[in-house]
Amino acid sequence: MKGTTTMSAIRGSRRLIAGAAGTAALALVLTACGGGSDDGGSGGGGGSAESLVIGTTDKITSLDPAGSYDNGSFAVMNQIYPFLMNTPYGSPDVEPDIAESAEFTSPTEYTVTLKPGLKWANGNDLTSSDVKFTFDRQLAIADENGPSSLLYNLDSVETPDETTVVFKLKSENDQIFPQILSSPVGPIVDEDVFSADAVTPDQEIVDGKAFAGQYSITSYKANELISYEAYDGYQGILGEAKTPKVAAKYFTDASNLKLEVQDGSVDVAFRSLSPTDIEDLRGDDGVKVVDGPGGEIRYITFNFNTQPYGEKQPDADPKKATAVRHAVADLIDREALADQVYKGTYTPLYSFVPEGLTGATEPLKEMYGDGQGGPDADKAKKTLEDAGVETPVELNLQYSNDHYGPSSGDEYALIKDQLEEGGLFTVNLQTTEWVQYSKDRTSDVYPAYQLGWFPDYSDADNYLTPFFLKENFLGNHYVNQDVEDMILEQAVTADEGERAELLGKIQEAEAKDLSTVPYLQGAQVAVTGADVTGTEDTLDASFKFRYAALAKG
Amino acid sequence: MASRSTAGSALGRYVLVRFLLIIPTVFILVTTVFVLMRATGDPITAALGGKLPPDQLAELIHAAGYDRPVIVQYWEYLTGIFSGDFGTTISDNRPVTEILTTYGTATLELAAYAILVALVLGVPFGMVSGYFRDRLPDAVLRILAILAYATPVFFAGLILKLVFSVWLGWFPVAGRVSTGGEITMQLEGAGSGFMLVDAISTGDPEVVLDVLSHAALPAIALGLLTAGVFLRLVRTNMIGTLGTGYIDAARSRGVKESRLVRKHAWRPALIPIITVAGMQVAMLLVGAVLTETTFEWRGLGFQLAEYLQARDFVAVQGIVVLMAVVVAVTNFLVDVLAALIDPRVRY
């Protein structure tokens with residue numbers, strides 16, 4: 001009967017609905033029981049429970065020092081490879097690391113004596129032969145992605161005995177060479193594992209256990225997960241690792257890294273959370289935000305040919321061109337850029353050499369603006385008037401929208417506003433994607449443009465030589481023989497006091513020329529769980545983030 | 001009545017023709033990818049231009065053969081693909097074949113989870129919706145279905161992440177497994193590429209649940225789209241089937257309504273699902289790019305996004321060709337399955 005059929009149908013359909021809903025609910029409950037906040041110690045047994053988990057958005061190009069020249073790869077190398085010279089915690093200056101001594105034994109010979117009894121994690125002896133092999137292969141391979149250009153002054157390497165290495169240099173008394181031994185070209189490699197004439201694949205290096213740094217790698221998945229274990233054969237100045245096991249997890253999305261450090265899945269997040277994420281995390285009691293000096297700098301570069309009143313312009317006038325650069329320096333409000341755009345993850349920079357490095361001064365603070373680091377539109381106006389410059393000055397200013405992070409647009413929008421203060425400049429702000437930008441800036445397309453710099457080593461020289469010699473990477477047609485002579489002189493001045501004085505003079509001279517106008521210095525920022533210690537120790541002017549300084553609990 | 005041998009030969013002809021059609025389909029897809037990639041210039045300049053001096057760039061271009069005539073490059077490209085050589089990536093110097101095999105399993109796994117979600121949600125709710133035609137449950141389910149397939153997959157992913165990971169903390173934020181779980185699997189030597197299989201091989205239930213919990217949200221985000229399609233399809237076919245004469249006849253013989261639905265109506269209602277499933281594979285692969293990126297699920301879609309950013313067109317080309325081949329082969333299999341189930345499909 002119809003009524004019976006209807007009741008039966010209703011019961012049947014209710015069972016159907018209940019069944020479907022129940023299945024879905026059961027699946028969700030089961031998986032949620034196994035999910036939720038997964039910290040580094042959950043989800044498995046074995047050594048995982050002891051691992052300190054570090055999260056990063058770095059990218060690794062290669063574990064072979066001859067095949068990479070980038071932050072991501074070098075960050076790993078700093079944990080696993082030995083260096084002849086290295087920077088101890090809290091200092092930008094290098095000291096012998098796995099070496100007993102390192103000194104100039106003649107003007108063109110730098111002799112390093114290794115500590116006795118050094119071993120690789122695979123049991124091989126670490127001798128002077130490995131050191132010679134390391135540098136010979138760098139020059140032989142000269143990979144386009146590698147750092148062999150840093151060995152511009154190396155002529156040859158000799159090994160009179162198993163622990164002695166003599167570097168024969170082309171120029172005398174090169175005070176930068178010890179720093180170069182701590183740089184991306186400096187990691188020493190095992191000659192029994194690495195190829196002499198080709199970049200060695202990562203897995204071969206890992207399988208060959210070619211490690212003698214504070215850590216060795218126990219498992220490796222490029223740009224996904226690396227497991228480290230403390231290496232007890234390391235005999236360098238950095239000492240024993242505080243945490244026996246570390247896992248480095250790689251993220252492509254910084255927001256996921258932020259969420260995982262908040263929920264405890266990641267113990268330490270280092271490079272690169274966005275300024276807004278960091279600002280948000282500063283208000284989270286469950287994590288600590290730790291700041292340290294950074295080596296990255298941001299600056300505006302002037303093309304001396306095409307800038308207003310530049311040498312190739314119809315109205316070329318060096319005095320007016322200089323006045324334009326000075327006025328820009330008077331108008332830039334560094335504090336505003338650091339606070340409003342970067343929320344404190346960048347700090348004001350008043351020199352070409354960042355704060356924290358030996359020899360750094362701050363000439364731009366006193367010479368420009370209000371004399372205390374702030375802008376001064378009236379001073380800028382006077383500067384331009386005294387030089388006979390008509391205002392507003394038309395300035396084409398270029399920046400890259402993809403190479404220096406997502407905040408570049410805001411950064412340069414604010415700079416534009418600052419320069420247009422008081423009607424002194426009319427800024428035509430343009431952006432280009434990086435590949436085209438790189439071509440255009442060295443083809444004199446941009447009169448003034450954005451650049452950034454991350455150092456190869458923690459020395460003032462690395463902020464001067466690449467920029468202000470006649471042959472420099474800026475390609476902006478800037479030439480000052482006096483500055484060039486001083487830069488070459490400081491590189492071979494052994495006395496620290498004399499060198500510091502020279503560095504100060506270079507910065508003063510450059511502050512008058514303003515080939516570039518530096519304005520921001522990047523801070524190193526790490527976000528850690530509340531129970532993580534040691535982060536302050538490694539966020540120093542070496543700009544090397546060392547896992548061995550970190551501990552949990 | 002057609003004899004078995006006649007039916008068998010019809011099926012055989014049908015399968016053969018469908019199989020042979022894969023060849024021109026793949027050929028056209030592969031050629032289209034080649035033309036589109038070359039339209040933007042050579043991959044080396046795209047990836048490394050501006051980073052290297054012109055003479056080094058020219059050297060690399062010459063070594064890779066991109067300065068040769070296009071027709072020569074095309075021939076080598078075709079012969080390479082058909083011999084399984086997809087070239088070497090520019091940005092990280094890895095064989096593209098290695099990329100495809102390493103990350104293809106992750107995408108396959110995610111697609112499998114998504115199909116499962118789609119079936120678990122779409123089919124039963126489609127049946128309910130069809131049964132309660134034009135009544136409240138039907139209206140609600142239809143609206144939900146529209147929402148499911150109208151919502152962009154990345155948006156669905158972000159909302160799921162926000163609600164279930166961030167606010168409620170029920171599920172992990174990203175990845176295929178926790179760091180601890182992954183280390184455990186590495187220590188056990190598990191390396192099939194299928195995370196669930198590797199987790200099961202460790203014998204640790206915690207690791208298995210860890211993997212499943214990481215898969216839940218990406219699977220739901222990707223599966224919802226297809227679930228909505230399945231729901232509507234099953235509903236339509238349920239309505240059609242429940243109105244047929246043989247169902248009325250069974251009903252008049254006193255067969256219970258629940259049995260009618262369970263035994264007689266649902267099978268014919270599922271036949272179109274099989275054919276639509278083939279089309280949904282392409283949608284899943286497209287959706288996988290966004291889902292994998294949102295959840296950092298390191299599969300082919302994730303890698304495709306990475307290589308696009310790096311302008312590594314050799315890698316992009318290889319991944320897109322593989323996806324095109326997968327879609328073509330899947331549609332072939334679906335066509336065969338449909339022919340096996342429904343003789344009307346054969347000719």
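Here the structure is a predicted model, which means the values were calculated and not measured.

The rules behind the values
Residues numbered from 1 in each chain as written. Chains lettered and ligands numbered in written order. Predicted model: local features only at pLDDT ≥ 70, side-chain atom pairs only at ≥ 80, totals over all residues. Pairing = 2+ DSSP bridges. Helix = DSSP H or I, 4+ residues; strand = E, 2+ residues; numbered from the N terminus. Axes fitted to C-alpha atoms, helices over the stretch in contact; angles between N-to-C directions. Contact = placed C-beta atoms within 7 Å. Domains from an automatic or database assignment. Nonpolar A, V, L, I, M, F, W, Y, C, P; charged D, E, K, R; others polar. Right-handed = clockwise from strand over helix to strand, strands pointing away. Buried ≥ 20, exposed ≤ 12 C-beta atoms within 10 Å, placed from the backbone. pLDDT = per-residue confidence, 0-100. Arc of directions from axis to C-beta. Core = buried A, V, L, I, M, F, W, Y, C linked by C-beta atoms within 7 Å. Left-handed = near helix turned anticlockwise from the far one by under 90°.

Got a minute to help me understand the sheet that holds strand β8 (residues 215-221) of chain A in this structure?
Note on sheets: strands pair through backbone hydrogen bonds, and any given pair is parallel or antiparallel. All names here are of chain A. Strand order in this open sheet of seven strands is β8-β9-β10-β1-β11-β19-β12, and the pairing throughout is mixed. Each edge of the open sheet is held by one strand with a lone partner, namely β8 and β12 (287-292). Within the sheet, the average angular offset between the axes of one strand and its neighbour, ignoring direction, is 20 degrees. With six bridges joining them, β8 and strand β9 (residues 225-230) adopt antiparallel strand pairing. Bridging across to β9, I217 finds its partner in Y228. Relative to the sheet, helix α6 (residues 254-262) contacts β1 (52-56), β11 (268-270), β12 and β19 (524-529), its axis offset from that of β1 by approximately 155 degrees.

Can you walk me through the domain arrangement of chain A in this structure?
Size of an interface: often given as the accessible area lost when the parts come together. All names here are of chain A. Split into domains, chain A comes out as domain 1 (53-293 + 526-552) and domain 2 (297-522). Put simply, the middle of domain 1 and the middle of domain 2, counted by C-alpha atoms, are 31 Å apart. Taken together, the contacts link 25 residues of domain 1 with 21 residues of domain 2. The set of elements that each furnish at least two residues to the side of domain 1 that touches domain 2 consists of α4 (177-180) and α7 (275-282). Looking at the side of domain 1 that touches domain 2, the element that brings in the most residues is α7, giving four residues. For the side of domain 1 that touches domain 2, the class distribution of residues is 10 nonpolar, 11 polar and four charged.

I keep staring at the environment of E296(A) and nothing clicks. Help me out?
Residues and elements named next belong to chain A. Along the chain, E296 turns up in the loop between β12 and β13 (297-302). Along the sequence, E296 and Q524 sit 228 residues apart, while their C-alpha atoms lie 8.9 Å from each other. Apart from the residues lying within four places of it in its own chain, the contact partners of E296 are G452, W453, F454 and G522.

For this particular structure, what's the right way to read the pairing of strand β16 (residues 425-432) of chain A?
Here is the key point about a regular strand: its side chains alternate between the two faces of the sheet. Residues and elements named next belong to chain A. Looking at chain direction, strand β15 (residues 393-400) and β16 are connected through eight bridges and run parallel. Looking across to β16, one finds that L397 is bridged to L429. Since β15 and β16 lie parallel, the crossover through helix α12 (residues 408-419) that links them has a hand, and here it is right-handed.

Explain the pairing of strand β17 (residues 448-453) of chain A to me, please; I cannot follow it from the model alone.
Residues and elements named next belong to chain A. Counted residue by residue, β17 has five buried out of six residues, so it is predominantly covered. The pairing of β13 with β17 spans six bridges and is antiparallel. Bridging across to β17, T301 finds its partner in Y449. Taken together, the two bridges between β15 and β17 define a ladder with parallel strand orientation. Within the sheet, the bridge partner assigned to Q398 lies in β17 and is Y449.

Would you take a moment to explain the confidence of the model for chain A for this structure?
The predicted coordinates should not be examined in detail at positions where pLDDT is low. With 91% of its residues at a pLDDT of 70 or more, chain A shows a mean pLDDT of 90. When the elements of chain A are averaged for pLDDT, helix α1 (residues 2-34) of chain A gives the smallest value, 47, and helix α8 (residues 318-331) of chain A the largest, 98.

Before we go on, may I ask you to explain α7(A) in this structure?
Each turn of an α-helix holds 3.6 residues, which means side chains three or four residues apart point in the same direction. Residues and elements named next belong to chain A. For α7, the full list of buried residues reads P275, D277 and I278. Looking straight down α7, one finds that the buried residues subtend no more than 160 degrees of arc, so they occupy a single side. Where the residues of α7 are buried, they touch α6, β12 and β19.

Explain the sheet that holds β16(A) to me, please; I cannot follow it from the model alone.
Residue and element names in this part refer to chain A. The sheet built from six strands is open, its strands ordered β14-β18-β13-β17-β15-β16 with mixed pairing. Two strands bound the open sheet, and with one partner strand each, they are β14 (346-348) and β16. Strand-to-strand twist in this sheet, taken as the mean axis angle between neighbours without regard to direction, amounts to 30 degrees. Pairing between β13 and strand β18 (residues 516-522): five bridges, direction antiparallel. In the sheet register, Y299 faces β18, and the bridge partner there is P518. Of the strands in this sheet, β13, β15 and β18 touch α8, which is tilted by about 25 degrees from β18. On the sheet, α12 packs against β15, β16 and β17 and is oriented at approximately 170 degrees with respect to β15.

Please explain the environment of R325(A) as it appears in this structure.
All names here are of chain A. Checked against the element boundaries, R325 lands in helix α8. Look at R325 and you get buried, because 23 C-beta atoms sit within 10 Å. Separated by 258 residues in the primary sequence, R325 and G67 have C-alpha atoms spaced 39 Å apart. If we skip the residues at most four places from it in the chain, R325 touches F302, L514 and V517.

Explanation requested: the confidence of the model for chain B in the structure shown.
Across chain B, pLDDT averages 83, with 89% of residues at or above 70. Across the whole predicted complex the pTM is 0.82, and at the interface the ipTM reaches 0.78.

Sorry if this is basic, but what is going on with the nonpolar core here?
Among soluble globular proteins, nonpolar side chains are generally buried collectively. Residues and elements named next belong to chain A. The biggest cluster of nonpolar side chains holds 147 residues, and the ones touching the most others in it are L84, F211, A212, V268, A269 and V328. When residues of this core are assigned to their parent elements, the largest contribution, seven residues, is made by α8. Here this core spans two domains, since at least three of its residues come from each of domain 1 (53-293 + 526-552) and domain 2 (297-522). What V268 contacts, discounting residues up to four positions off in sequence, is L52, I54, A526, T528, V532, T535 and L550.

Mind showing me how you'd approach the packing of helix α9 (residues 334-341) of chain A against α12(A) here?
The packing of two helices is summarised by the inter-axis angle and the distance between the axes. All names here are of chain A. Between α9 and α12, the least distance of the axes is 10 Å, while the angle of their chain directions is 145 degrees. In the crossing of α9 with α12, the sense of the turn from one axis to the other is right-handed. In this structure, α9 uses A336, L337, Q340 and V341 to contact α12, whose residues at the interface are D410, E411 and L414. In terms of residue class, the contact of α9 with α12 is built from four nonpolar, one polar and two charged.

Any chance you could explain the environment of D315(A) here in plain terms?
Relative to the helices and strands, D315(A) resides in the loop between β13 and α8. With 10 C-beta atoms counted inside 10 Å, the residue D315(A) sits in the exposed group.

Hey, could you run me through unusual backbone geometry in this one?
One can expect most non-glycine residues to show negative phi and most peptide bonds to be in trans. Cis geometry is adopted by the peptide bond preceding S272(A), which originates at R271(A) and carries an omega value of -5 degrees. Structurally, S272(A) is set in the loop between β11 and α7. One non-glycine residue, N173(A), lies in the positive phi region at around 50 degrees. Take N173(A): it is sitting in the loop between β7 (164-169) and α4. The exposure class assigned to N173(A) is partly exposed, which follows from the 15 C-beta atoms found within 10 Å. The phi torsion at D134(B) lies on the positive side, around 65 degrees, for a residue other than glycine. Position of D134(B) relative to the elements: it lies in the loop between α5 (96-131) and α6 (136-150). C-beta crowding within 10 Å serves as the criterion here: with 8 such atoms nearby, D134(B) is assigned to the exposed category.

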